[in-house]
Amino acid sequence: MTIRKIIGLIAALTCSVTAVAKDIVHDAEFYISKAQNAERWAEEDKALQQKIDALRKKFGQPPNLIHVMWDDTAYGDVGIPAIQRVRGLDTPTLNQMAAEGMLFTRMYTEVGCTPSRAASLTGRLAVRSGMYNIGMLRESHGIRAGEVTMAEVLSKAGYATAFHGKWHLGDIEESYPHKQGFDEAFFTGYNQILSINNAMAEQANGSIGLMEEILPEDPYKMDDTFITKGWVQIAEGTKGGETFQWGDNTHDTYTKIDPEAQNRTIEFIERQAKAGKPFYVAHYPNLTSFIPVQKKCARARSLLQDGLQCNVDPFMKRLNDKLKELGIAENTLIIAMADNGPMAHNPPPGLGMAETIFRGGKGDFLEGGVRVVAQAYWPGMIEPGQVPGDIIHETDIFTTFARLAGATRHIPTDRVIDGIDQTALLLNGDTHGRRDHVFIYAGPNLGAMVKGDYKRHVISPDPVGEASGIGAAFYFLPADPREKSPMLVNMIHLKSPFNRMRLRHDIWIKKYPNSAEKTDVPWRGISNATPEVEALANPPFGRKDLPFDPLEYIENLDELPFDPDADPSLGQ
């Protein structure tokens, strides 16, 4: 296809939304690749569909789909034994799955826990759904009801769906996973900081000032509403049913969350296998506690390594053993991965998270923040020993799972779906990926763009470069994986191509606007709510005491600013 034809196609897409109204709407950049590869992809798809149909005929149903995602792990900390030897841990099951399946070298995620989970479950960059804020205690926001999750798409195709573990997609009622399409859910609204939101941590100064009831009375205290008193550590519910708090907010309960989530996942799989129903499970472990109470098992003596070696890896063995026992291993695809890079900035003591090959970590749009440990395992379908160099993004899991499940028709077509179907990459291997680009956001602001081997930082501290319009922050990733040597003269020819890429992206946002954050009073609808949780919606004073509504601030939480000049070089 000629360049003129490609330009004409893009112009048509830009000017006419109705041209793709009945199809999945991808970001504009995808259509550039599609216009040049459509015929080859169409031929590939015919053969791929034959493989999928043959598998369905063999098992009498579409494949089971499992997504396991844990926290903050640098590239190579799982799946590459040589790096593990240096880092002081061993994950034999995950390493074996990587060796017998597909070990991704360019899996990209969002920069943090909440946006990463939102992207994986909706197939959309988190900025599109307003889920770019990292949820903390009493966050009062969450994923809105209007987003369409993987669980909703697969449910319409006849799948049983379950979520177990760290949800971290909000503490408002409409964001609960069983309100977002999952048949059953056992979930935390926040992250591992819950492990120090208790009296044990307060006594050790792991938490400062949260548990006021165990502290000496402050004679200067005037405001008894400033410190949060009520929250739900872990909840459970079923689609259409009630929501209950599970256990309490103690550290003892926290240590029971992952074992309970693991048991529920295994039990759910057994139940669906016996019923002959295809299933989708999102199992997101909490991984570790910030209060180190368990026996040390990794040579590194750290929380991350102990969590991977003693918690996640044994569960993966248990999971694989169960799939083999049930005779469904060959009809089950497992994607196992980290949600973002290591917490290299301001980590708690003894966490053990650190940069490896790439610079930066959680919160950075540097490669170290968003290029993660990831692997796919599907005996009989994925050829062993695959190490593709293709780019893949976590949003692609959404679209790929839908394709494999025969559920693509249930993906909404009124919004941008960033996820690209990567079935060809999984089943055909290296060079068969269908993505050559990534947009990386820092909060609601575009931080960087990747196109093939090239990367451009959009947010840059260089006063003579980006700020002047010259454009200095260009990187050639194979030669500079740590993004330490930006090149101007050598790569200035990329200024206009990256500008065009960004403008197409921005034009598409105008046609399909991003959603604002959804805010509300936290932890509504808990059937066994404590008085402290119920008080979140009922402040002890009202307009008779104050010249404003004490809950009015919730409606304005999305107005809190992000720093557009943030320095991305924290990881150096």
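Residues numbered from 1 in each chain as written. Predicted model: local features only at pLDDT ≥ 70, side-chain atom pairs only at ≥ 80, totals over all residues. Heavy atoms only, no water.

A. Representation of the nonpolar core. Formed by 111 residues in total, the largest nonpolar core has its most connected members in Trp70, Tyr280, Met316, Leu333 and Trp523. Sort the elements by how many residues they give to this core and helix α10 (residues 303-325) lands first, with 8 residues. Apart from residues no more than four positions distant in its own chain, leucine 333 is found in contact with Asn64, Leu65, Ile66, Ala376, Tyr377, Trp378, Ile382, Phe401, Leu404 and Leu426. Residues Tyr441, Leu446, Val458 and Ile509 belong to the second largest nonpolar core, which totals 14 residues. (Core = buried A, V, L, I, M, F, W, Y, C linked by side-chain atoms within 4.5 Å. Buried < 20%, exposed > 50% of the residue type's maximum accessible area, 1.4 Å probe, protein only. Helix = DSSP H or I, 4+ residues; strand = E, 2+ residues; numbered from the N terminus. Contact = heavy atoms within 4.5 Å.)

B. Just the state of the cysteines, in detail. By the definition in use, this model includes 1 disulfide. The disulfide partner of cysteine 297 is cysteine 310, and the gap between their sulfur atoms is 1.3 Å. Judged by the sign of its S-S torsion, about -80 degrees, the bond between cysteine 297 and cysteine 310 is left-handed. Placement of cysteine 297 in the loop between β9 (279-284) and α10 and of cysteine 310 in helix α10 is noted, with a sequence separation of 13 residues between them. A relative accessible area of 33% means that cysteine 297 is categorised as partly exposed. (Disulfide = S-S within 2.5 Å.)

C. Region of the structure containing the side chain of serine 289. Take serine 289: it is sitting in the loop between β9 and α10. Side chain to side chain, serine 289 and histidine 251 meet in a polar contact 2.7 Å long. Within the local environment of serine 289, its side chain forms a polar contact with the backbone nitrogen of isoleucine 291, the two atoms lying 2.9 Å apart. Apart from the residues lying within four places of it in its own chain, the contact partners of serine 289 are Ser195, His251, Tyr254 and Leu303. (Polar contact = N/O pair within 3.5 Å; in protein donor to acceptor, adjacent residues only side chain to side chain.)

D. Just the sheet that holds strand β3 (residues 107-108), in detail. Pairing in this open sheet of 3 strands is mixed, and the strands run β11-β3-β13 from one edge to the other. For this open sheet the edge positions go to β11 (371-372) and β13 (392-393), each flanked by a neighbour on one side alone. (Pairing = 2+ DSSP bridges.)

E. Seen up close, helix α2 (residues 28-59). The first and last C-alpha atoms of α2 sit only 38 Å apart over 32 residues, clearly below the 46 Å expected at 1.5 Å per residue. Where α2 bends most, at asparagine 37, the angle is about 75 degrees. Of the residues making up α2, those classed as buried are Ala28, Glu29, Phe30, Tyr31, Ile32, Ser33, Ala35, Trp41, Glu44, Leu48, Ile52 and Leu55. Positive phi appears at glycine 60, one or two residues downstream of α2, with a value of about 75 degrees. (Expected span 1.5 Å × (residues − 1). Bend = angle between axes of the 7 residues up to and from the residue.)

F. Representation of the pattern of salt bridges within the structure. All told, the structure shown has 42 salt bridges when counted by the stated rule. The shortest N-O distance in the salt bridge between aspartate 224 and lysine 221 comes to 2.7 Å. We note a salt bridge from lysine 451 to aspartate 436, for which the minimum N-O separation is 3.0 Å. Taken together, the residues span a long stretch of sequence, with lysine 451 in strand β15 (residues 445-451) and aspartate 436 in the loop between α13 (423-428) and β14 (437-442) at a distance of 15 residues. When its relative accessible area of 24% is taken as the criterion, aspartate 436 is described as partly exposed. (Salt bridge = Lys/Arg side-chain N within 4 Å of Asp/Glu carboxyl O.)

G. Representation of the packing of helix α9 (residues 251-275) against α10. As a packed pair, α9 and α10 sit with axes 11 Å apart at the nearest point and diverge in direction by 15 degrees. The orientation of α9 relative to α10 falls into the category roughly parallel. Handedness of the α9/α10 crossing: right-handed. Residues Asp258, Gln262, Asn263, Thr265, Ile266, Ile269 and Glu270 of α9 touch α10, and the partners they reach there are Asn311, Phe315, Arg318, Leu319, Lys322 and Leu323. Among the residues forming the contact of α9 with α10, the class breakdown is 5 nonpolar, 4 polar and 4 charged. (Axes fitted to C-alpha atoms, helices over the stretch in contact; angles between N-to-C directions. Parallel < 35°, antiparallel > 145°, perpendicular 65-115°, else oblique. Left-handed = near helix turned anticlockwise from the far one by under 90°. Nonpolar A, V, L, I, M, F, W, Y, C, P; charged D, E, K, R; others polar.)

H. Focus on the packing of helix α4 (residues 92-100) against α10. Remark: α4 packs on α10, axes separated minimally by 7 Å, with the N-to-C direction vectors making an angle of 60 degrees. For the element pair α4 / α10, the angle class is oblique. Facing Pro92, Thr93, Leu94 and Met97 of α4, the residues of α10 in contact are Val312, Asp313, Met316, Lys317 and Asn320. Taken together, the residues of the contact of α4 with α10 break down into 5 nonpolar, 2 polar and 2 charged.

I. How the structure looks around the pairing of β9. Most of β9 is tucked away: 6 of the 6 residues are buried. Side chains of β9 alternate between two faces, with Phe279, Val281 and His283 and Tyr280, Ala282 and Tyr284 buried alike. Both strand β1 (residues 64-70) and β9 contribute to a ladder of 4 bridges, which runs parallel. Residue pairing across strands places isoleucine 66 opposite valine 281, the latter belonging to β9. Here strand β5 (residues 160-166) runs beside β9; their pairing, made up of 6 bridges, is parallel. Bridging across to β9, histidine 164 finds its partner in histidine 283.

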